[in-house]
Amino acid sequence: MGNAGDEESGRSRDIAPAAAKQHLNGIGAAIAPPMFAALLSRMFNWSRSGVGPRLLAAVLLFSSIVTLTLTALQLYLDYDREIGVIQTRLDEIGRSYTESIGESLWNLDQNQLKLQLDGIMRLPDIRAVEVREIADRPNPIHVSVGERSTRSVVTRDYPLNYTAQGTVRPIGQLHVEATLSDVYQQLLNRALIILASQAAKTFLVSLFIIYMVHLLVTRHLVAIAEFVSKYSLARPPPPLQLERRPPYDADELDKVIDAFHAMCANLEQAYGDLREANASLERDLEIRRRAEEDARASEQRFRDYAETASDWFWETGPDHVFTYISDRVGTFGMDRKALIGRRRCDAAYDRDTEPQKWREHMATLDRHEPFRKFEYRGRDVAGRVRHFSVNGQPIFAADGRFMGYRGSATDLTEQHETEERLRQSQKMDAIGQLTGGVAHDFNNVLTVITGTIEIIQEGLQDRPELAAIAQLIDDAASRGAEITSQLLTFARRQPLEPREIDVNGLVVETAKLLKPILGEHIEIVTRLAEDAWSAMADPSQLSSAIVNLAVNARDAMPGGGKLMLETANREFDGTGSVSEVTRGAFVMIAVTDTGHGIPADIRDRVFEPFFTTKGVGRGTGLGLSMVYGFARQTGGTVAIESEEGRGTVVRLFLPRSEGEASTRTEPVQALAAARGHETILVVEDDPLVQGYVIAQLGSLGYRTLVAADGATALELVDQGAKFDLLFTDIIMPGGMNGRELAEAVRLRRPGVRVLYTSGYTDDTIVHEGHLDPGVALLQKPYRKSELSQKIRETLAGEPPA
């Protein structure tokens, strides 16, 4: 006998009674003599303004959490046990009754069936039993006992068979329902008892804890606080003594009192030390005055050569405070008057970020040692960060007294900016290689997910609730594919299909798409150069880049504003401000907004992947990095200018095309799942993707041959396997990639058609971001319609030479 799956079609709900509240005086009058009730009332009145309420709340909260957790665990275990008993009883009915009921049903004995069903109904928790005959004759037997329900039941359906002349025949079905109402009622009663008892115990324990804390701790803390507030160092009071009943052992409160008395003794001693320090300070001030007089005597001589040097010179006194700075410092944007009277570390920008460096430097100064090439950062009068390299030599008087330092400073800002641009470029290239590899593996997974979801959606057309869940998965997979596409674009691993395009026409068409995206509160203005050159770029990627920049601009203008799209021609000779562009002719597309701008400290990081200033869930941090990757892969670059409160300008530079550009692109048509009958050799190393491709090709009518690597595929070719198309992954293990496999197959079978697929492409079939001529590529992840369409295009195309 087979058993049907259990189903719990209803849920019960436990309702806990609200805890009743009683007034404190009522409790005291009910459970204690009047004196004890007065003591409780006094204790609670005290606790309202102290630690008591917080301690009570903490104890009650923790006890309630523990009680509810343990009660829930106990109820769950009881529920599981009761359900197990009912499941066992249903299994026993299936083993004990189905054979006899089947025989009675075969004999058409309805009275006997009624008696047997009544016997089952007498079992605990059984709510309804029903027997239905499976027969082709009119009025088949149907006997039921009890009332069926759709809530709080567990059901089982057992097939009824009869063996006649060695042949097992299905003759009917036994349906049994067991109610869970009694189980829920028992659990509710049990929960009420547990919660009521635990609440009473928790309340009494909390009262006792509050009383003991008051008796042992808080009343003494109040006495200590009053003593400290009235303490006077000029007229010290007698030592503090707590009102405690002897005998008792010394505890933490006694240690606090002893520590306070020790502190008072230290304060008295500190008065004497302070007087001595004042005398020493006066002596130090006199020494400083004499040092300043000597410094003024040599200042004129120092000034004569300081003002003629290419760098700027400085001088400090014994306390390392600037006493002289040459006028040359103004050439580097520094305010000479603001620096005099300050120490170098006080004017530094990196003192807090590099404390160890400054501690070592200050230790060198305190030891009166010379130093060379000490580098630090500061800000000029415009607030820009500048880099300095400082050399210093200690100065001593004739009698050996230390007079201070003299030295020179060099501005290294330009050198550091050049090095930082180099490091940034290297870092972005390293991140690009990493993100490209991650996107490759993720696209394999997304290929299987998107394909299998299509199959599931086809099978769930008559089940809308499951079809909606499948659509959610499909939408999530599409979002994942979009993110991996952005990753590949940033990593410059996204194959581009560049062609000569009319930049003005594309900007105008994209501006039409932006109006519903940006909303009515954003004004879109275009300023297009009439003589704008045509550009060599992928139009779909360029349109996506402009949309990404416009969406970022919209987020920077939450209260509305103006977005300007501008085109112009630019030529660079390698010495301009756009450092990444060496030389040549470029078409510029500028996106300007009137938003809040970008802070200077994060402006250099906006093109890094996953870096975003938006809140959680509002952005992936891939928009600007995708624009950067697209521009670099196309052969151009992107530059950004922004100032807080005054908006942002992002300029995209694309290489100029020498030919004439088409002004419009054809609209993308929806792909249909084209079928075929040819044989396809599938070479795919990922087992999941391989299984998905075989299933989809089979559903499209194709015959398939399968190989996991290039060596296995060549063995099939050498064995004489016949096929019409080689469908191969590009990146494969075993030392042979997809391009090498295709070349080896064409040596054996000239003219064979090849369709490549990959999660991302290295330099195998893509060079300088462009697909090699005559190469057919299906990028992962892809859907069934895209797979079928690409196969038909490849089979119908011209055979390779």
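About the cut-offs
- Residues numbered from 1 in each chain as written.
- Predicted model: local features only at pLDDT ≥ 70, side-chain atom pairs only at ≥ 80, totals over all residues.
- Heavy atoms only, no water.
- Helix = DSSP H or I, 4+ residues; strand = E, 2+ residues; numbered from the N terminus.
- Buried < 20%, exposed > 50% of the residue type's maximum accessible area, 1.4 Å probe, protein only.
- Contact = heavy atoms within 4.5 Å.
- Areas by Shrake-Rupley, 256 points an atom, 1.4 Å probe, with all protein chains shown as cover.
- Core = buried A, V, L, I, M, F, W, Y, C linked by side-chain atoms within 4.5 Å.
- Pairing = 2+ DSSP bridges.
- Axes fitted to C-alpha atoms, helices over the stretch in contact; angles between N-to-C directions.
- Parallel < 35°, antiparallel > 145°, perpendicular 65-115°, else oblique.
- Left-handed = near helix turned anticlockwise from the far one by under 90°.
- Nonpolar A, V, L, I, M, F, W, Y, C, P; charged D, E, K, R; others polar.
- Phe/Tyr/Trp six-rings, centres within 6.5 Å; stacked < 30°, edge-to-face > 60°.
- Lys NZ or Arg CZ within 6 Å of the ring centre and 35° of its normal.
- Salt bridge = Lys/Arg side-chain N within 4 Å of Asp/Glu carboxyl O.
- Expected span 1.5 Å × (residues − 1).
- Arc of directions from axis to C-beta.
- Polar contact = N/O pair within 3.5 Å; in protein donor to acceptor, adjacent residues only side chain to side chain.
- pLDDT = per-residue confidence, 0-100.
- Right-handed = clockwise from strand over helix to strand, strands pointing away.

1. Details of the overall build of the protein chain
- Within the protein chain, the regular secondary structure consists of 19 helices and 23 strands.
- Buried residues in the protein chain amount to 40% of all 801 residues.
- Long-range pairs, those at least 24 residues apart, make up 67% of the contacts in the protein chain between residues at least 6 apart in sequence.
- Carbon and sulfur atoms provide 53% of the accessible area of the protein chain, an area that totals close to 45300 Å².

2. Some thoughts on the nonpolar core
- If you look at the biggest cluster of nonpolar residues, it comprises 33 residues, and the most contacted ones within it are L542, L563, L565, I589, L652 and L654.
- Those elements giving two or more residues to this core turn out to be α13 (503-518), β12 (535-537), α14 (539-555), β13 (561-572), β14 (584-593), α15 (623-634), β15 (637-642) and β16 (648-655).
- Dropping the residues within four chain positions of it, I589 is found in contact with V503, V507, L542, I546, E566, T567, V650, R651, L652 and L654.
- Formed by 29 residues, the second largest nonpolar core is a distinct cluster that contains I93, L180, V183 and A191.

3. Considerations on the sheet that holds strand β17 (residues 679-683)
- Read from one edge of the open sheet, 5 strands run β18-β17-β19-β20-β23, paired in parallel fashion. The sheet terminates laterally at β18 (703-707) and β23 (777-779), the two strands that pair on one side only. Taken pair by pair, the neighbouring strands of this sheet meet at an average axis angle of 20°, ignoring direction.
- In the packing of helix α18 (residues 738-748) onto the sheet, contacts are made with β17, β19 (725-729) and β20 (753-758), and the angle to β19 comes to roughly 155°.

4. Re unusual backbone geometry
- Although it is not a glycine, N139 sits at a positive phi angle of roughly 50°.
- On the basis of relative accessibility, which here comes to 70%, the residue N139 falls in the exposed class.
- Phi angles above zero are rare outside glycine, and K373 is one such case at about 55°.
- For K373, the position within the fold is in strand β7 (residues 371-379).
- On the basis of relative accessible area, K373 is assigned to the exposed category, the value being 62%.

5. Observations concerning the packing of helix α16 (residues 687-699) against helix α19 (residues 784-796)
- Closest axis-to-axis distance for the α16/α19 pair is 11 Å, and the angle between their directions is 70°. On the basis of their axis angle, the class for α16 and α19 is roughly perpendicular. In this structure, α16 meets α19 at a crossing whose hand is right-handed. On α19, the residues that touch Y692, Q696, L697 and S699 of α16 are K784, L787 and I791.
- Of the residues contributing to the contact of α16 with α19, the split by class is 4 nonpolar, 2 polar and 1 charged.

6. So, the packing of aromatic side chains
- Tallying each qualifying case throughout the model produces 11 aromatic pairs.
- Between W314 and F371, the ring centres sit 6.3 Å apart and the planes meet at 15°, which makes this aromatic pair stacked. Residue W314 is found in strand β5 (residues 312-316), and its partner F371 is found in strand β7; the two are separated by 57 residues along the sequence. Grouping residues by exposure puts W314 and F371 together as buried.
- Chaining the aromatic ring pairs together yields one cluster made of W314, F322, F371, F396, F402 and Y405.
- The ring of W314 has R344 sitting right over it, with the charged end atom 4.6 Å from the ring centre.
- Over the face of the ring belonging to W533 we find R656, whose NZ or CZ atom lies 4.0 Å from the ring centre.

7. Points about the sheet that holds strand β9 (residues 402-411)
- The 5 strands are arranged β6-β5-β9-β8-β7 in an open sheet whose pairing can be described as antiparallel. The strands lining the two open edges of the sheet, one partner per strand, are β6 (322-325) and β7. Ignoring strand direction, the axes of neighbouring strands in this sheet form an average angle of 30°.
- Sheet topology places β7 next to strand β8 (residues 385-396); 7 bridges connect them, and they run antiparallel. Considered in β8, the bridge of E375 is made with S389.
- The strands that helix α10 (residues 355-366) touches are β7 and β9; relative to β7, the one it contacts most, it runs at about 130°.

8. Quick notes on the environment of T447
- Relative to the assigned elements, T447 resides in helix α11 (residues 413-459).
- The exposure class of T447 is buried, given its relative accessible area of 0%.
- It is 5.9 Å that separates the C-alpha atoms of T447 and K780, two residues lying 333 residues apart in sequence.
- Those residues in contact with T447 that sit more than four places away from it in its chain are V689, Y692, K780, P781 and Y782.

9. Section: the pattern of salt bridges
- Considering all chains together, one arrives at 31 salt bridges under this definition.
- Among the salt bridges present, the one from E130 reaches R132, with a minimum N-O distance of 3.2 Å.
- Classification of R132 as partly exposed rests on a relative accessible area of 42%.
- Because the salt bridges share partners, they merge into one network encompassing E130, R132, R148 and E177.

10. Points about helix α5 (residues 110-121)
- Between its first and last C-alpha atoms α5 spans 16 Å; for 12 residues at 1.5 Å apiece the expected length is 16 Å, and the two agree.
- Residues L113, Q116, L117, G119 and I120 constitute the buried set of α5. The buried side chains of α5 occupy one side of the element, clustering within an arc of 155° when seen end-on. Turned more than 90 degrees from where α5 packs its buried face, N111 and L115 sit exposed.
- One side-chain oxygen of the residue at the start of α5 lies 3.4 Å from the amide nitrogen of N111, identifying that residue as D109.

11. A look at the confidence of the model for the protein chain
- Looking at the protein chain, the pLDDT average stands at 76 and 74% of residues meet or exceed 70.
- Taken together, the stretch residues 1-32 has pLDDT below 50 and engages in 56 contacts with residues farther than four places along the chain or on a different chain.
- A low-confidence stretch, residues 615-622 (pLDDT under 50), is modelled with 17 contacts involving residues beyond four sequence positions or located in other chains.

12. Focus on the packing of α13 against α14
- Contact pair α13 / α14: the axes reach a minimum separation of 10 Å and the direction vectors enclose 40°. As judged from the angle between their axes, α13 and α14 are oblique. Both α13 and α14 take part in a crossing whose hand is right-handed. The segment α13 lies against α14, with L506, V507, T510, L514, I517 and L518 engaging P539, L542, S543, I546, V547, A550, V551 and R554.
- Residues of the contact of α13 with α14, tallied by class, amount to 11 nonpolar, 2 polar and 1 charged.

13. Examining helix α4 (residues 98-106)
- Turning to α4, its buried residues are T98, I101, G102, S104 and L105. Taken around the axis of α4, the buried residues stretch over an arc of 165°, which confines them to a single face.
- Just beyond α4, the residue with positive phi is L108, at close to 60°.

14. Side note on the pairing of β18
- Inspection of the sheet shows β17 paired to β18 by 5 bridges, in the parallel sense. Across the sheet, the residue bridging to V683 is A707, located in β18.
- Viewed along the sheet, the connection from β17 through α16 into β18 turns out right-handed.

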